[in-house]
Amino acid sequence: GLYSDILIDKALWKVTATTVNKGFVPENTIDGKAETYWHSDYTNEGKTITSHDEPPFLITIELPKAEYVSGLSYTPRQDQGTGRFLTYNVYASDSADGKKYLVKSGEFKNGTANGRVDFGMNIKAKVFILEALKTQGGYGTCAEINLSGKDDLYNSAESAEAFEEAMAEIRPYTVNTEGFVV
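None of the values given here were measured: they were computed from a predicted structure.

1. A short note on the packing of aromatic side chains
Going through the model one piece at a time under the given rule, you end up with 8 aromatic pairs. Seen in terms of ring centroids, W38 and F57 are 5.9 Å apart; in terms of plane orientation they differ by 70°. Their pairing is edge-to-face. Highlighted residues: W38 in strand 2 (residues 38–39) and F57 in strand 5 (residues 57–75), separated in sequence by 19 residues. Accessibility classification places W38 together with F57 in one group, the buried group. Taken together, a centroid distance of 4.7 Å and an interplanar angle of 25° make the contact between Y74 and F108 stacked. Taken together, the positions of Y74 in strand 5 and F108 in the loop between strand 7 (101–107) and strand 8 (115–135) put the pair 34 residues apart, joining distant regions of the chain.

Written out as structure tokens, the structure reads:
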């Protein structure tokens, strides 16, 4: 399948982050403006940074109701490289306080280009979480997050839990080769 360009409307999204610095709020990640961004917390004395929170950083998007989502796009901070996400996990959940299911892990290129995460399946879920495991400079920043809607070329999982079950069926397994002679 191709990465769907049908974006889910952000008007009623609730977005939160594990850490926030002053005016760089999580809502900046869904305002449609690449020049505004969320920033993890840090303290400074003048121009000197004295401490900052360390990864992992989580940005959680809660939709008003479960929607089919086929992928996620991440726009890094555009004005400088500090805090850009380098390695990530994406999780889905059927509710705000429900179990998180790992959807995809990977790497984003360090630069200003958007990073795209294709789920390979439509997942009907209410909550999606982008977790930054490694970032540029140890800070966390994110300009925009978009979710792509249902891709008609993909199979659909009716819940995050159903996605996990479907992936378990097709996940490759390592076979114990002890005792095999080739």
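Okay, back to it.
2. Regarding the side chain of N89
Structurally, N89 can be placed in strand 6 (residues 85–93). Using a relative accessible area of 11% as the deciding quantity, one classes N89 as buried. Engagement of the side chain of N89 in a polar contact is seen with the side chain of Y91, the distance being 3.3 Å. In this view, N89 contacts L102, K104, S105, I129, L130, E131 and L133; residues no more than four positions away in its chain are not counted.

3. Concerning the pattern of salt bridges
Taken as a whole and assessed by the stated rule, the structure comprises 4 salt bridges. Residue K10 pairs with E144 through a salt bridge whose shortest N-O separation is 2.9 Å. Note that K10 is positioned in the segment before strand 1 (14–17) and E144 in strand 10 (residues 144–148), a separation of 134 residues in sequence. Residue K10 shares its accessibility class with E144, and that shared class is buried. The partner of D79 in a salt bridge is R77, and the shortest N-O contact between them spans 2.7 Å.

4. Considerations on unusual backbone geometry
Between P55 and P56 the backbone carries a cis peptide bond, its omega angle lying at 10°. Tracing the sequence through the fold places P56 in the loop between strand 4 (48–52) and strand 5. Unlike most non-glycine residues, K22 shows phi in positive territory, near 35°. In this structure, K22 sits in the loop between strand 1 and strand 2.

The rules behind each value
- Residues numbered from 1 in each chain as written.
- Predicted model: local features only at pLDDT ≥ 70, side-chain atom pairs only at ≥ 80, totals over all residues.
- Heavy atoms only, no water.
- Phe/Tyr/Trp six-rings, centres within 6.5 Å; stacked < 30°, edge-to-face > 60°.
- Helix = DSSP H or I, 4+ residues; strand = E, 2+ residues; numbered from the N terminus.
- Buried < 20%, exposed > 50% of the residue type's maximum accessible area, 1.4 Å probe, protein only.
- Polar contact = N/O pair within 3.5 Å; in protein donor to acceptor, adjacent residues only side chain to side chain.
- Contact = heavy atoms within 4.5 Å.
- Salt bridge = Lys/Arg side-chain N within 4 Å of Asp/Glu carboxyl O.

This is a description of form; function is not addressed.
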